[in-house]
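# Observations on the three-dimensional arrangement
The residues making up each chain are set out below.
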Amino acid sequence: MSSVAPAELPIDRELADGEAAEVAEHEPDTKAGRVKKRLTSRTATIASIIIAVLWTIPTFGLLISSFRPAELIRTTGWWTIFQNPGFTLENYQDVLFSASSSSPQLGAYIVNSIAITVLGTLITLVFAAMAAYAFAWIKFKWLNWLFIFVFALQIIPLQMSLVPLLQIFSTVLRPMQAWLHDMIPIIPEQNYLPLWLAHAMFGLPLAIFLLHNFISDIPADVIEAARVDGATHGQVFFRIVLPLATPALASFAIFQFIWVWNDLLVALIFSGGTQDVAPITQRLAELVGTRGQDWQLLTAAAFISIIIPLIVFFSLQRYFVRGLLAGATKG
């Protein structure tokens, strides 16, 4: 007996087309559909372009000023570049290759900022991801109250905790860091550890809240299937949750990296302001001079300081929107 594949009935195709049209018709009725429609409308596109242009104008002016001689910066504005032309590379040369002991090169401060920012971001992401998974998929006593407490920590002003943390770090961390450096010389002797912990503490509440929204939206069937197969919480976290939460992790990594990179207050308090640990933001504050006479150096250094955050942002840009809206809309 020969088997013949059943022919596709026209009525089935019509029903399928009708169901697809019905789904497409009712999609804007959901919350996600309404948000998508508003964000992709012509008005939203025009408003986004206007905001982007207005946001870019100061950066464009900063770039032009960084190439102008000091005399032109003092006497004319950057928008008069065609009436008062003049370009020079001396500003970047003085900032990057200065040989003065009282005015060290900017590269040393960039290295300090990279060391502070990378570890400050990674420590925050690691602990926040584990805490978010625990709040989302591990049931324990006082779960809801503890999550509310972590969420409420976001409203505590950062300035209230600076002095107590400084006292704790001075009495506990610094002697411990010197001991660790003697035991393991690869650990830096500089005062990086208080900076890493301070930035992690200040960034954890928001990180836990955002990552929890994403991780809790992972289908429960996936987690339950892994648990039925004998996977432990560690295996579920590393093999299932982390790969699926990559957009959210990358999105928050951008926020945390930029916040730590641009920070001056926390770095000044917990680093002591010494040149071997001070970030680039401290050097930017010093470059303008005691009377604000070195504006041309500040513009060049400021434009150099935004290069690395831009590299990080564009490297993780494809995850940014997905991770930013994670858990924000539910149909």
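Anyway, here's the lowdown on the structure attached to this text. (Residues numbered from 1 in each chain as written. Predicted model: local features only at pLDDT ≥ 70, side-chain atom pairs only at ≥ 80, totals over all residues. Heavy atoms only, no water.)

## Notes on the overall build of the protein chain
Helix and strand counts for the protein chain come out as 17 helices and 0 strands. The burial tally for the protein chain puts 35% of its 331 residues in the buried class. Counted over contacts in the protein chain with a minimum sequence separation of 6, partners at least 24 positions apart contribute 71%. (Helix = DSSP H or I, 4+ residues; strand = E, 2+ residues; numbered from the N terminus. Buried < 20%, exposed > 50% of the residue type's maximum accessible area, 1.4 Å probe, protein only. Contact = heavy atoms within 4.5 Å.)

## A short note on the pattern of salt bridges
According to the stated counting rule, one finds 1 salt bridge in the structure shown. Glutamate 71 is the salt-bridge partner of arginine 74, the closest N and O atoms lying 3.8 Å from each other. Here arginine 74 pairs with glutamate 71, and both are found in helix α4 (residues 70–75), just 3 residues apart, close to one helical turn. (Salt bridge = Lys/Arg side-chain N within 4 Å of Asp/Glu carboxyl O.)

## Examining unusual backbone geometry
If you check the backbone angles, tryptophan 142 has positive phi at about 60 degrees while not being a glycine. Positionally, tryptophan 142 belongs in the loop between α6 (106–137) and α7 (143–152).

## What about helix α11 (residues 233–244)?
Given a rise of 1.5 Å per residue, 12 residues ought to cover 16 Å, and the 15 Å separating the end C-alpha atoms of α11 matches this to within 8%. For α11, the set of buried residues is Val236, Phe237, Ile240 and Val241. Along α11, the residues classed as buried sweep out an arc of 130 degrees about the axis, all on the same side. Counted as exposed and oriented over 90 degrees from the buried face of α11: Phe238 and Arg239. Close packing links the buried residues of α11 with α6, α9 (192–215) and α10 (220–228). (Expected span 1.5 Å × (residues − 1). Arc of directions from axis to C-beta.)

## Overview of the packing of helix α5 (residues 90–97) against helix α15 (residues 295–305)
Closest axis-to-axis distance for the α5/α15 pair is 9 Å, and the angle between their directions is 70 degrees. Taken together, the axes of α5 and α15 lie roughly perpendicular to each other. The segment α5 lies against α15, with Asn91, Tyr92, Asp94, Val95 and Leu96 engaging Gln296, Leu297, Ala300, Ala301, Phe303 and Ile304. Class assignment for the residues of the contact of α5 with α15 results in 8 nonpolar, 2 polar and 1 charged. (Axes fitted to C-alpha atoms, helices over the stretch in contact; angles between N-to-C directions. Parallel < 35°, antiparallel > 145°, perpendicular 65-115°, else oblique. Nonpolar A, V, L, I, M, F, W, Y, C, P; charged D, E, K, R; others polar.)

## Some thoughts on the packing of aromatic side chains
Enumeration according to the criterion identifies 12 aromatic pairs in this entry. Among the aromatic side chains, those forming a connected cluster through ring pairs are Phe60, Trp78 and Trp79. (Phe/Tyr/Trp six-rings, centres within 6.5 Å; stacked < 30°, edge-to-face > 60°.)

## Notes on the packing of α9 against helix α12 (residues 246–261)
One can describe the packing of α9 onto α12 by two numbers: an axis separation of 10 Å at closest approach and a directional angle of 155 degrees. Accordingly, the angle class assigned to the pair α9 and α12 is roughly antiparallel. Classified by chirality, the crossing of α12 by α9 is right-handed. From α9, His199, Phe202, Gly203, Leu206, Ala207, Leu210, Leu211 and Phe214 reach across to α12, where they touch Pro247, Ala248, Leu249, Phe252, Gln256, Trp259 and Val260. Considering only residue class, the contact of α9 with α12 consists of 12 nonpolar, 3 polar and no charged. (Left-handed = near helix turned anticlockwise from the far one by under 90°.)

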